[in-house]
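Structural characterization, general
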Amino acid sequence: MVDQPNVESKNQFQLHPHFFPSTLVFFKFCNMLSPMSLAGAALALSQLFSITLAQGPYDPGLPIPRISDNSLASSDVADFFYDYYTAKSEHNISHYMTFFDLVDASYTDVSLGTQFRNVTAIRDCFTGVFSHMQPGSIAYPIQVGVEVRLLSVFDFKQGKITRVLDLWDGRKSPIIEGRGQDEYFDNLGLDNLHTSPDPGMQAVMSKLNDMLSEGDAAGAQALFSYNAVLVDQTLRTRLLGQLAIGRYLERAVSRLPYGEGTTLRHVVGKGKGGGYEWKSKQGKGIYGLSLVELDERGLIKRYVALWDGSRVRDHQLKVLNALALE
């Protein structure tokens, strides 16, 4: 058993035991603090979580904007993440830690190359994060359950967080200079999973990854709906329509990080919204997350891939980007 922090129980929100076992959340971050030499992960994360408000509807009486698209999430899930990001935006470590399981918890930022393997490490890190954050810095969800700024995966046990994985495109970001070593990239906290994936979502994600991993562009194309959209957020590419997606995969599947040789690591979500974590064979430390949204027939109507472009050279990104052209 790990050392358990003395957490003041301020969080009154409790999830039903049958709450989603895992889900994806996108949250917004804007301008970083001034570029600087990083002393450690706490300072790096405090820069990442230094948030400015977006244009749009916002009730100044609320701690953070309640503007997220929750169409793919239950009300319990939406409320949980609103409360979670409220605690983070309050910079209140005692409140924030009440969302985590006290025995089994890990927090990994893939792009920074850092991992905190228990609640004590998470508490110590975010105590430092909150102390470095500017007053008024906030984090808030913009879609629970699609545009991508940062993608987080959450896994739960009895309504408490056991695993958080953050991933974002670190290319051109000054805080990547302080990135840790890739020593944790074999596990990513997967030993903190306590639930099985939703069978329906597991079947779709496994079949899609199998087709892409085997280089079967036609087989992957058949899983998309006629008017599907494929977005690679890292490459800034967007393909519209099943036929165009199929032609793109024919050209690119052997080179895409989520193409040939990709290993599926973890499936999340339920119903029509979910996704999966994957490991690429294209280079060391290239891990990614793919969001998948299904239509009424169980076909993919939206696929969004996000991976860390800072782990490949610029000329490689240009080659991959050019493959979207016809």
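About the criteria used
Residues numbered from 1 in each chain as written. Predicted model: local features only at pLDDT ≥ 70, side-chain atom pairs only at ≥ 80, totals over all residues. Heavy atoms only, no water. Pairing = 2+ DSSP bridges. Helix = DSSP H or I, 4+ residues; strand = E, 2+ residues; numbered from the N terminus. Axes fitted to C-alpha atoms, helices over the stretch in contact; angles between N-to-C directions. Contact = heavy atoms within 4.5 Å. Salt bridge = Lys/Arg side-chain N within 4 Å of Asp/Glu carboxyl O. Buried < 20%, exposed > 50% of the residue type's maximum accessible area, 1.4 Å probe, protein only.

Here the focus is the sheet that holds strand β10 (residues 273-279). Spatially, the six strands line up as an open sheet ordered β8-β7-β12-β11-β10-β9, and their pairing is mixed. For this open sheet the edge positions go to β8 (237-240) and β9 (263-270), each flanked by a neighbour on one side alone. Taken over all neighbouring pairs, the strand axes of this sheet differ in orientation by 15 degrees on average, direction set aside. Bridging between β10 and strand β11 (residues 287-294) involves seven bridges; their strand directions are antiparallel. When the sheet's bridge partners are listed, K279 is paired in β11 with Y287. Strands β7 (224-232), β9, β10, β11 and β12 (300-307) of the sheet are contacted by helix α5 (residues 199-213), whose axis makes an angle of about 150 degrees with β9.

Under the definition given, this model contains 13 salt bridges. Of the charged contacts in the structure, one is a salt bridge between K157 and D104, with a shortest N-O distance of 2.9 Å. Residue K157 is classed as partly exposed on the basis of its relative accessible area, which comes to 25%. For D104, a relative accessible area of 21% gives the class partly exposed. A salt bridge links K272 to E296; its shortest N-O distance comes to 4.0 Å. Separated by 24 residues along the polypeptide, K272 in the loop between β9 and β10 and E296 in the loop between β11 and β12 bring together distant segments of the chain. Look at K272 and you get partly exposed, because its relative accessible area is 42%. Its relative accessible area of 67% is what places E296 among the exposed residues. A cluster of three or more residues bridged by salt bridges with shared partners is formed by D101, D104 and K157.

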